[in-house]
Amino acid sequence: MSKTDPRQLICELCRQFYTQGWVSGTGGGISIKEGDRVYMAPSGVQKERLQPEDLFVLDGSGKVLEAPAGNLSACAPLFFNAFDIRGAGAVMHSHSINALMATLISGDEFRVTHLEMMKGIAGHGYHDELVVPIIENTAHEHDLADSMGEAIRAYPKAFAVLVRRHGVYVWGKDWAEAKRHAECYDYLFEAAVKMRQLGVDASVPPVERAEAAQ
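Just so we're clear, the structure is a prediction, and the values are computed from it rather than from any experiment. (Residues numbered from 1 in each chain as written. Predicted model: local features only at pLDDT ≥ 70, side-chain atom pairs only at ≥ 80, totals over all residues. Heavy atoms only, no water.)

Participant: Mind showing me how you'd approach the nonpolar core here?
Facilitator: Generally speaking, nonpolar side chains in soluble globular proteins are found buried as a group. Judged by nonpolar contacts, the single largest core of 64 residues is most densely connected at Phe110, Leu130, Trp171 and Tyr185. Beyond its immediate stretch of four places on either side in the chain, leucine 130 contacts Phe110, Arg111, Val112, Met118, Ile121, His124, Tyr185 and Leu188. (Core = buried A, V, L, I, M, F, W, Y, C linked by side-chain atoms within 4.5 Å. Buried < 20%, exposed > 50% of the residue type's maximum accessible area, 1.4 Å probe, protein only. Contact = heavy atoms within 4.5 Å.)

Participant: Would you explain the sheet that holds strand S8 (residues 160-163) in this entry?
Facilitator: Within a sheet, each strand pairs with its neighbour through backbone hydrogen bonds, oriented either parallel or antiparallel. The strand order across the open sheet formed by nine strands is S4-S3-S2-S1-S5-S9-S8-S7-S6, and the pairing between neighbours is mixed. Edge positions in the open sheet fall to strand S4 (64-66) and strand S6 (109-113), since each of these has one partner strand only. The average angle at which neighbouring strand axes cross in this sheet is 25°, direction not considered. Where S6 lies against strand S7 (residues 129-135), five bridges are found, and the strand directions are antiparallel. Within S7, the position partnered with glutamate 109 by the bridge is proline 133. (Pairing = 2+ DSSP bridges. Helix = DSSP H or I, 4+ residues; strand = E, 2+ residues; numbered from the N terminus. Axes fitted to C-alpha atoms, helices over the stretch in contact; angles between N-to-C directions.)

Participant: Before we go on, may I ask you to explain a nonpolar patch on the surface in this structure?
Facilitator: A surface patch of nonpolar side chains, amounting to about 260 Å² of accessible area, comprises Ile97, Met101 and Leu104. On the basis of relative accessibility, which here comes to 53%, the residue isoleucine 97 falls in the exposed class. (Patch = residues over 30% accessible without salt bridge, like charges linked within 9 Å, V, L, I, M, F, W, Y side chains within 5 Å. Areas by Shrake-Rupley, 256 points an atom, 1.4 Å probe, with all protein chains shown as cover. Salt bridge = Lys/Arg side-chain N within 4 Å of Asp/Glu carboxyl O.)

Participant: Whenever I open this one, the pattern of salt bridges confuses me. Can you help?
Facilitator: It is possible for side chains of opposite charge to pair when their charged atoms get near one another. Scanning all chains against the criterion turns up nine salt bridges. Glutamate 183 serves as the salt-bridge partner of lysine 179, at 2.8 Å between the closest nitrogen and oxygen. Here the residue lysine 179 and the residue glutamate 183 both occupy positions in helix H5 (residues 175-197), the gap between them amounting to four residues, near one helical turn. Since its relative accessible area comes to 28%, glutamate 183 is described here as partly exposed.

Participant: In this structure, what is going on with helix H3 (residues 97-104)? I would like to understand it.
Facilitator: In an α-helix, one turn spans 3.6 residues; hence positions three or four apart end up facing the same way. When H3 is considered as a whole, its buried residues turn out to be Asn98, Ala99, Ala102 and Thr103. An end-on view of H3 places all buried positions within 140° of arc, on one side of the element. Structurally, H3 contributes buried residues whose contacts are with S6, S7, S8, strand S9 (167-172) and H5. Looking at where H3 begins, the residue whose side-chain oxygen comes 3.0 Å from the main-chain nitrogen of asparagine 98 is serine 96. (Arc of directions from axis to C-beta. Polar contact = N/O pair within 3.5 Å; in protein donor to acceptor, adjacent residues only side chain to side chain.)

In structure tokens, the structure reads:
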């Protein structure tokens, strides 16, 4: 099995994400689309122990083609939102504490500007404003599908949707871009929370902050 095989990649990425605290306690997951096949980590399993044979394989409409032991991810309809609406090639769901905390300091949107790591998000530069929509959590993951779909359509420049008191969904054109986006967004979430603790609003440009302080 090659290192670019979607099954192998998902297992490797889940192990990396576990060490970052993004998929602990069997939470979170990742899905990769290749051609007309979608590969997806199952629900309720230790993500750092996944093996290639544990993964589900679906077609482009969401029909299960290969079903190992275990349950299809409850994230499946949310992953397909990014595949279908944004043409994503990979989607990851993180239970990062940074993502959760970012939703607690924000209203319906997470906003930051003038932070270097914004440049890691496609279509964004240092002087831009980066905006991520926030949707409200539900008791069951699949019930988030409609509100997530609405948020994706309403924010075409965003590559993520935050779920309040829960985590974040992040995507990219392929697994490498999705991974980069996930890492950069997580950095920005953490930075904004820590800046708030220092009394600095990460959504306000430095010049405006300096003038306000005078």
